[in-house]
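Fold and contact review
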Amino acid sequence: MKQKTEISLGDVASRSAQAESEIPTERMALNVGPSHPTTHGVLRLLIEMDGDVVTKCEPVIGYLHRGDEKIAESMTYNQFVPFTDRLDYLAPLANNVAYAIAVEQLASITIPERGQALRVLICELARLSSHLLGLGVYGMDAGAWTPFMYTFTEREKLYDLFEKLTGARFTTSYTRIGGVARDVPEGWLGEVKKFCNELPKTLNDVDKLLTRNRIFYDRTKGVGTISKEDALAYGLTGANLRACGIDLDLRKDKPYSGYEQYDFDVPIGSTGDCYDRYLVRMEEIYQSIRICHQVIDKFPSGPWYAEDAEKIFAPPKDKILTSMEELIQNFMIVTEGPQIPEGEVYFEAENPKGALGFFIVSKGGGVPYRMKIRAPSFSALSILEKMAPGHMLTDLTVILGSLDFVMGECDR
Amino acid sequence: MQTAPEFLRNYDFLSERETGDCPSVLCPADRVIEFVKELRDVHGYDMLVDLTAVDWDKESPRFMVICHFLSSQKHLYLRVAVNCPEDESPEVPSLAEIFPAADWHERECFDMFGIRFKDHPNLKRILMWDDYPYYPLRKEFPLAGIETPLPSAEIAEVTGTKVKPAPMMGGPFVAPAEGHVSESEPRARDESWTEDEPKPAKKIPETKRQ
C-alpha cells in the first residue's frame, strides 16, 4: 500500500519573491514590426527587454516614405490636394482644409462665410471619423472587441456622407485653393444633422463598455504617463498634449476658418496617462458634435468660394463654356496652376491627430519652391524612446494605441 | 508680447526677415544656441513645433535651416532662420539639447538635405535607409529618383533587383490628343526614353558619406 505524503506549499508569495531576485535574466532584443497589428501601420520598434520589462525602445520609421515634399515641388498647388489625402488617411478632409488654408494665407485670400462654415463642418466630421476609429482600435489594443464594432459602424455612416459630398469615401480631395470642389448637395446637411443626433446613443454604449470597465481602466490608468514638460519639449500636439493638462487647441487659440463663432469646450487631462488620452478623445467627439449642430443651424447662404480670387479659383462651369474670358482663366489655372505670390507661410491646423503644419516657400507662379509638412504623428512617435522604458511589453501595445498616430502622415 | 522689432532691439546679432505671417528673424549660426535658450526661458516660446531647411540652389549661402517656435501661453509663432555657413558641407549647432523635439526633425533634415547638426546625440538617417547615398530634397536630385542598390544586400543578390527611378520624370504631364485611347494615357513630357529604353544616364556626383 502506497504511503500518503503531505505536501506543503508554504508561503508561495514570499518564495517566488525571493526566487525572482535570484533568477538571472538575460537581456533580449525584440523586433516588432514593421508589419504588426500593434503598430497600426508600418512602424518598426527595436526593443530591448529585461525579462518582461522594456529597457530600450527605438522606433524605426520611413517604411511609408513617398517623398511628398519632393513631389510637391514639381506640381501645381491644386494638383497636390490628392496627396494631402494620403497624409493622415483617417481624416483626409481635415488635411485638405489645412493645406488649402495654408496656400490661401500665402495668397491673402479669405473665402466667404459659406465656404468657411462648410470647411469647419467637414473638419469636424473628419475628427469624428478619426476619433471613432482611434477609440475603437484603442479598445481593441486593450482587449475590448465590441466597442470597435460599434464605432466602426458609425464611421461607415460617415463615409456614406463623405461620398455624397465629395464623390469619394476615402480619398476625398475636396478642397481647391480658394474654395472647395463643389457646393453641398441638396438635403445633405439634413442627413448630417440626423447622423449627429443619432451618434450620442452609440457613444453612450461605447462609454458604458469602456470608461468604467475594470480591465480597460487597469490597463490604461497610470500607464504611459507623460509630464507637462516632456509633452511640450517633444512637441506633442492635439489630444496627446491636452491629455497632459496643457490647454492648447488651435481652434480656440489661433482660430481659423471662423472657428471663433462656435461655442465648444476644450477637454484637458490631469495626469497625462493612457486613460486620460482616452477620456480627452471621447469628450472631443461630443464637442465636435456640438460644433456640427451649430454650423448646420446657422449655415450661411451665398457664395462658397472666393469670387475675387482670379487666376486662383476656377470660374463656374457654365461661364467657362459660354464666355471667352472665363475660358482663358480656367485654362491658365489648369495648365499653369493657381498664381500664388512670392513669400513664405507657416500654417498649422488642429487636426484630429494634432497640429498639422504646412510651411510653404513660394517664388511666385503655380508651383511651390519648397513645402514642408509638419506631421503631428512624427512628433508623437519621437517621445516613445523616452516614455517606453520601464513599461511591460504588453503596456507598449496600449501606449501605441493611446498615441493615435498614423504612419502615412509620419513618413510622408 | 515680443514682436520681431523688439527682438531686434534686444539682440543685436539678429536681423529681420521679410514675412507675411508670423515674425521672422535671421540668427547667425554661432549664436543660435544662446538665442534659443533665451527664447525658451525668458520669452516663453516653449515649443519647437517644426524644424526644416530650404535649399536655395544656386544662391549662397545655399542652405537655410528654419525653425518655428510656439508659445503655449501667448499663442504666438516665431520663425528663426539660420544660414548654414558652408555650402559644401553645411553644419549648424544642434538644438536637441534644448528641445528634444529637434532630435528627429534634425535627423530628417540631415537625411533630406545633408545638413549636419553639431553635437546631435544620434545623427543618422530617419526616413531613408542607412546606406542611402543621396540627399533627396536637394534641388539637383531628380524627382524620379536615382538608381541605387536595394537596402538589403542579401535580397539584391538573390533577386538581382535595384531601386529604379520612377518612370515619370519631366514635370507636368501631357496626354496626346490624337490616336487610340490606350495611347493617350497621360505621360511625361520628356519622351526621349520609355520603360524599355532607359533614359540616358545623367551624372550626379554621389554624395560622400561622412
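Parameters at a glance
Residues numbered from 1 in each chain as written. Chains lettered and ligands numbered in written order. Predicted model: local features only at pLDDT ≥ 70, side-chain atom pairs only at ≥ 80, totals over all residues. Heavy atoms only, no water. Helix = DSSP H or I, 4+ residues; strand = E, 2+ residues; numbered from the N terminus. Buried < 20%, exposed > 50% of the residue type's maximum accessible area, 1.4 Å probe, protein only. Contact = heavy atoms within 4.5 Å. Areas by Shrake-Rupley, 256 points an atom, 1.4 Å probe, with all protein chains shown as cover. Lys, Arg positive; Asp, Glu negative; His and termini not counted. Charge placed at Lys NZ, Arg CZ, Asp CG, Glu CD. Pairing = 2+ DSSP bridges. Axes fitted to C-alpha atoms, helices over the stretch in contact; angles between N-to-C directions. Polar contact = N/O pair within 3.5 Å; in protein donor to acceptor, adjacent residues only side chain to side chain. Parallel < 35°, antiparallel > 145°, perpendicular 65-115°, else oblique. Left-handed = near helix turned anticlockwise from the far one by under 90°. Nonpolar A, V, L, I, M, F, W, Y, C, P; charged D, E, K, R; others polar. Domains from an automatic or database assignment. Buried area = accessible area lost by both parts, 1.4 Å probe. Core = buried A, V, L, I, M, F, W, Y, C linked by side-chain atoms within 4.5 Å. Salt bridge = Lys/Arg side-chain N within 4 Å of Asp/Glu carboxyl O.

Let's talk about the overall build of chain B
On a plain count of helices and strands, chain B comes out with 4 helices and 9 strands. Helices and strands appear in chain B in the N-to-C order α-β-β-α-β-β-β-β-α-β-β-α-β. Here chain B holds 210 residues, and 45% of them are scored as buried. For chain B, long-range pairs separated by at least 24 residues make up 46% of all intrachain contacts whose partners lie at least 6 apart in sequence. Roughly 11400 Å² of accessible area belongs to chain B as shown, and the carbon and sulfur atoms make up 50% of that amount.

Side note on the overall build of chain A
Across its full length, chain A carries 18 helices and 8 strands. The principal-axis extents of the C-alpha atoms in chain A amount to approximately 110 × 45 × 40 Å. Here chain A holds 412 residues, and the buried ones make up 58% of them. Counting contacts in chain A only where the partners sit at least 6 residues apart, residues at least 24 apart contribute 71% of the total. Here chain A displays about 17000 Å² of accessible surface, and carbon together with sulfur accounts for 54% of that area. Across chain A, the centroid of the 45 positively charged side chains sits 3 Å from that of the 58 negatively charged ones.

Some words on the sheet that holds strand 5 (residues 77-83) of chain B
Residue and element names in this part refer to chain B. Strand order across the open sheet formed by 5 strands is 1-2-5-4-3, with mixed pairing between neighbours. Each edge of the open sheet is held by one strand with a lone partner, namely strand 1 (15-16) and strand 3 (47-55). The sheet contact formed by strand 4 (residues 63-70) and strand 5 spans 7 bridges and is antiparallel. From the neighbouring strand, H68 faces strand 5, where its bridge partner is R79. Across the face of the sheet, helix 3 (residues 102-113) comes into contact with strand 3 and strand 4 while running at roughly 10 degrees to strand 3.

Digging into the sheet that holds strand 6 (residues 343-351) of chain A
All names here are of chain A. Taken together, 3 strands build an open sheet; the order of strands is 6-7-8 and the sheet is antiparallel. In this open sheet, the two strands that pair with only one neighbour each are strand 6 and strand 8 (370-374). The sheet shows a mean angle of 10 degrees between the axes of neighbouring strands, direction not considered. Across 9 bridges, strand 6 lies against strand 7 (residues 354-362) in antiparallel orientation.

Describing the side chain of S362 of chain A
Residues and elements named next belong to chain A. Tracing the backbone through its elements, the reader meets S362 in strand 7. A relative accessible area of 3% means that S362 is categorised as buried. At a separation of 3.0 Å, a polar atom in the side chain of S362 contacts the main-chain carbonyl oxygen of P341. In terms of polar contacts, S362 uses its side chain to reach the backbone amide nitrogen of G364, at 2.9 Å. The residues contacting S362, other than those within four sequence positions of it, are Y77, L106, I340, P341, E342, G343 and Y369.

Remarks on the packing of helix 5 (residues 113-141) of chain A against helix 6 (residues 146-166) of chain A
Residues and elements named next belong to chain A. Interhelical geometry of helix 5 versus helix 6 gives an angle of 155 degrees and a closest axis separation of 9 Å. As judged from the angle between their axes, helix 5 and helix 6 are roughly antiparallel. Crossing angle aside, the handedness with which helix 5 passes helix 6 is left-handed. For the pair formed by helix 5 and helix 6, the contact residues are I122, L125, A126, L128, S129, L132, L133, G136, V137 and M140 on the first element and F148, T151, F152, E154, R155, L158, Y159, F162 and L165 on the second. Its residues placed into classes, the contact of helix 5 with helix 6 shows 14 nonpolar, 3 polar and 2 charged.

Details of the domain arrangement of chain B
Residues and elements named next belong to chain B. What the domain assignment lists for chain B is domain 1 (1-138) and domain 2 (142-194). With 4 residues of domain 1 at the interface, the matching set in domain 2 holds 6 residues. It is W129, Y132 and Y134 in domain 1 that bury the most area against domain 2; as a group they hold 87% of the surface buried on that side. Scanning the region where domain 1 abuts domain 2 turns up 0 residue pairs in polar contact (both at pLDDT 80 or more). In terms of residue class, the side of domain 1 that touches domain 2 is made up of 4 nonpolar, no polar and no charged.

Structural notes on the nonpolar core
In this structure, I61 and F358 of chain A together with F35 and F69 of chain B are the most contacted members of the largest nonpolar core, which totals 177 residues. If one sorts the elements of this core by residue count, helix 5 of chain A sits on top with 12 residues. Filtering out sequence-adjacent residues up to four positions away, I61 of chain A remains in contact with L43, F378, L381, M407, C410 and D411 of chain A together with W104, I126 and L127 of chain B. By size, the runner-up hydrophobic cluster in this structure holds 5 residues, among which are L90, L133, V137 and V406 of chain A.

Quick word on the interface of chain B and chain A
Counting residues at the interface gives 47 residues for chain B and 41 residues for chain A. Each partner contributes to the roughly 3700 Å² buried at the junction of chain B and chain A, and carbon and sulfur atoms together form 59% of this total. Summed over the shared surface of chain B and chain A, the result is 7 salt bridges. Notably, a salt bridge pairs K372 of chain A with E108 of chain B, separated by 3.6 Å at the nearest N-O pair. At the boundary of chain B and chain A, one finds 16 residue pairs in polar contact (both at pLDDT 80 or more). Looking at the side of chain B that touches chain A, the elements with two or more residues in it are strand 3, strand 4, strand 5 and helix 3 of chain B.

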